[in-house]
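Examination of the molecular architecture
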Amino acid sequence: MTHKVDVLIIGGGAIGLSAAHYLQRAGRAVTVLDQKAVAAGSSSGNAGHIVPSHIVPLAAPGIIGTALRWLRDPKNSPFGMRLSADPTYLSWLLQFAAACSARNVRGAIPALKALGALSARNFSRLVRDEALNCAYNQTGLLFLYKTRAALDAGRHEAELLHQHGLPADVLDEALVHWREPAALPDVIGGVHYTGDASLDPARFLRALADRVIARGADVRENTPVTVLESAGERVTRVRTSAGDFEAEQVVLAAGAWTPQVARGLGLNLPVQPARGYSLTARAGVALPRQALLLGERRVAVTPMGEQLRFTGRLELSDLDTTPSPEHIAGIERAVREYLAIDERLRLVGTWAGLRPTTPDGVPIIGLSPRHKNLIIATGHAMLGLSLGPGTGQVVAELAMGKTPSIDLGRFSVAWNARR
Ligand SMILES: Cc1cc2nc3c(=O)[nH]c(=O)nc-3n(C[C@H](O)[C@H](O)[C@H](O)COP(=O)(O)OP(=O)(O)OC[C@H]3O[C@@H](n4cnc5c(N)ncnc54)[C@H](O)[C@@H]3O)c2cc1C
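All of the points below concern the structure found in this document.

Each value, and the rule that gives it
- Residues numbered from 1 in each chain as written.
- Predicted model: local features only at pLDDT ≥ 70, side-chain atom pairs only at ≥ 80, totals over all residues.
- Heavy atoms only, no water.
- Near = heavy atom within 4 Å.
- Polar contact = N/O pair within 3.5 Å; in protein donor to acceptor, adjacent residues only side chain to side chain.
- Helix = DSSP H or I, 4+ residues; strand = E, 2+ residues; numbered from the N terminus.
- Nonpolar A, V, L, I, M, F, W, Y, C, P; charged D, E, K, R; others polar.
- Axes fitted to C-alpha atoms, helices over the stretch in contact; angles between N-to-C directions.
- Parallel < 35°, antiparallel > 145°, perpendicular 65-115°, else oblique.
- Left-handed = near helix turned anticlockwise from the far one by under 90°.
- Contact = heavy atoms within 4.5 Å.
- 1 Å grid on protein atoms, 1.4 Å probe; cavity = no way out; pocket = protein on both sides within 12 Å on 5 of 7 lines; lining within 4 Å.
- Points joined across faces, edges and corners; volume = space filled by probe spheres on them.
- Core = buried A, V, L, I, M, F, W, Y, C linked by side-chain atoms within 4.5 Å.
- Buried < 20%, exposed > 50% of the residue type's maximum accessible area, 1.4 Å probe, protein only.
- Phe/Tyr/Trp six-rings, centres within 6.5 Å; stacked < 30°, edge-to-face > 60°.
- Lys NZ or Arg CZ within 6 Å of the ring centre and 35° of its normal.
- Expected span 1.5 Å × (residues − 1).
- Arc of directions from axis to C-beta.
- Pairing = 2+ DSSP bridges.

The next thing to look at is the site of the ligand. What surrounds the ligand is a group of 36 residues, the closest being Asp34, Ser43, Val225, Ala381 and Ser386. Within the backbone of Ile15, an N or O atom sits 3.1 Å from an oxygen atom of the ligand. Between the ligand and Gly384 there is a distance of 2.9 Å, counted from an oxygen atom to a backbone nitrogen or oxygen. Per-element accounting of the shell around the ligand gives the leading share, four residues, to strand S17 (residues 347-357). A class-by-class count of the residues in the shell around the ligand yields 18 nonpolar, 16 polar and two charged.

What follows is the structure, given as structure tokens:
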């Protein structure tokens, strides 16, 4: 059986659902396919940080040395990587190493800044206009530091943000303890990114999915796409476990699975999965006031209404999403180094998710260079929630043949293929 549809979105995570929302607002009829459930998976158990302050890509000078140092302490390391001779993986690693340059950072900053700002604006409108109940909190993101060297690096980053017109307040010891009473005495300072926000990503995405469905979207869960067929300059058929689809426009937003779904289309989509973990507990007596980032340990802390979430670790991995008890215990240990939290946590759940990661730290968003009816939106790495509503808006603009609200040159599939 063949279904004929207007816009077919593959993937119902933060990117696919945001695209669905903005496409509907532009008057399009959307169908969303997901191999599992929508508003779940990698987009649901993350830290929920909305960070327009995050304008420096992961691929930056110095990161390889830092990563190698971290690998010497596998029990506590915020970073890990699989060993594999897979040529695609090795080529990605080489591309990543080549991208760790000041030139890459200079090129990426304007792109990430523009998309981050568009997205942050869209979040506040979405939450307000759609009345989304998702523990949205605009008190900013506070980095906590215990060592002079890390605080100095934080101060340096704050200066860089000032140069780009973004707010960041450096806090001394007294101020940081006033701002976050749950911080332990040996926290010596912090940086407060006052333009950032946080929310409960699962509640946000569930509410967004419900709105999209209420407006008539056909959302099909447990419907894996098996093959994309193309002829000439079009994707002609999308084969799934529940029949075939023919679409005016296809949006490919399958996160870390995107290269797998797109195989056979002749596109270069350098996206590798980077796994991370979270544990969620019932909010205890000692509750941090706001979203935090524990500087040296790279662990995120997010109060989400009645719950508290701790998130961390980046592992260049395979597509497995089984939570690792060992690394989740490491995340909890790291939190206890910085914060006075309850001695026994009332655990709600543990989780693992995959960041779809490009070598240069910039997402891939744009029309396929080979197919006139295919838009690709992936590679958002550690920012997929944060950049979701901005990405959704520009995807809708591309689908409508409009000039996108931000310059997409640096995000384009062709730019990625040139490297
Ligand atoms: C530990 C951790 C913490 C994070 N913290 C933050 C944060 O604080 N802020 C932030 O902005 N980001 C954060 N992220 C990153 C964020 O979670 C990701 O960038 C985001 O989930 C990517 O969204 P996506 O829609 O591209 O992919 P996904 O959420 O993975 O969605 C892709 C969807 O495609 C579906 N799919 C795959 N293959 C097929 C197929 N063949 N057919 C049909 N459907 C398919 C999948 O089932 C999935 O639902 C974090 C990630 C991790 C791991």
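From this point, things continue past the structure.
A packed helix pair is summarised by two numbers, namely the angle formed by the two axes and the spacing between the axes. Relative orientation of the contacting elements helix H1 (residues 14-25) and helix H11 (residues 388-399) amounts to 50°, with a least axis distance of 7 Å. Between H1 and H11, the angle falls in the class oblique. Pair H1 / H11 crosses with right-handed handedness. Taking contact as the criterion, the partners of Ala14, Ile15, Ser18, Ala19, Tyr22 and Leu23 in H1 are, on H11, Gly388, Pro389, Thr391, Gly392, Gln393, Val395, Ala396 and Ala399. Along the lines of polarity and charge, the residues of the contact of H1 with H11 split into nine nonpolar, five polar and no charged.

With that settled, the discussion passes to the layout of surface pockets. In this structure, the second largest pocket spans a volume of roughly 330 Å³. Considering the residues around the second largest pocket, the lining is formed by 23 residues, among which Thr88, Pro259, Leu269, Val271 and Gln272 are closest to the centre. Listing elements by their share of the lining of the second largest pocket, those giving two or more residues are helix H4 (87-99), helix H9 (258-261) and strand S13 (272-282). Among the elements that line the lining of the second largest pocket, the one with the most residues is H4, at four residues.

With that settled, consider the nonpolar core. In this structure, Ile9, Leu23, Val30, Phe204 and Phe411 are the most contacted members of the largest nonpolar core, which totals 72 residues. At 10 residues, the largest contribution of residues to this core is made by helix H5 (residues 102-129). Residue contacts for Ile9: discarding those within four places in its chain leaves Gly16, Ala19, Ala20, Leu23, Val30, Thr31, Val32, Leu33 and Val251.

Here we take up the packing of H5 against H11. For the pair H5 and H11, interaxial distance at closest approach is 6 Å and the crossing angle is 100°. In terms of orientation, H5 lies roughly perpendicular with respect to H11. On the side of H5, the interface is formed by Leu115, Leu118, Ser119, Asn122, Phe123 and Leu126, while H11 contributes Gly388, Pro389, Gly390, Thr391, Gln393 and Val394. Of the residues that constitute the contact of H5 with H11, the class distribution is six nonpolar, six polar and no charged.

Two aromatic rings are characterised by how far apart their centres lie and by the angle between their planes. Under the definition given, this model contains four aromatic pairs. Measuring from centroid to centroid gives 5.6 Å for Trp92 and Phe96, while their planes differ by 5°, and the two rings are stacked. Taken together, the positions of Trp92 and Phe96, both in helix H4 and four residues apart, correspond to about one turn of that helix. Take Trp92: its relative accessible area is 3%, and that puts it in the buried class. Where Phe143 meets Tyr193, the ring centres are 5.2 Å apart and the plane angle is 70°; that geometry is what we call edge-to-face. Of this pair, Phe143 sits in strand S5 (residues 141-145) while Tyr193 sits in strand S7 (residues 189-193), and the two are 50 residues apart along the sequence. By the ring-pair criterion, three or more aromatic residues cluster together here, those being Phe143, Tyr145 and Tyr193. Its end group placed over the ring of Tyr89, Arg82 keeps NZ or CZ at 4.2 Å from the ring centre.

Another aspect to go through is H4. Look at H4: 18 Å from first C-alpha to last across 13 residues, which is about the 18 Å you get at 1.5 Å a residue. Considered for burial, the residues of H4 that qualify are Tyr89, Trp92, Gln95, Phe96 and Ala99. What you see down the axis of H4 is that its buried residues fit within an arc of 120°, all on one side. Within H4, the exposed residues directed more than 90 degrees away from the buried face are Pro87, Leu94 and Ala98. The inward-facing, buried residues of H4 contact helix H3 (63-71), strand S4 (79-81), H5, S13, strand S16 (307-316) and S17. Taking the backbone nitrogen of Thr88 as reference, a side-chain oxygen 3.0 Å away marks Asp86 as the first, capping residue of H4.

Okay, the pairing of strand S19 (residues 374-378) next. Every regular strand shows the same layout, with side chains that alternate between the two sheet faces. For S19, the buried fraction is high: five of the five residues fall into the buried class. Relative to S19, strand S12 (residues 243-252) is paired through three bridges, and the arrangement is parallel. From the neighbouring strand, Val250 faces S19, where its bridge partner is Leu374. Taken together, the four bridges between strand S18 (residues 364-367) and S19 define a ladder with antiparallel strand orientation. Bridging across to S19, Gly366 finds its partner in Ile376.

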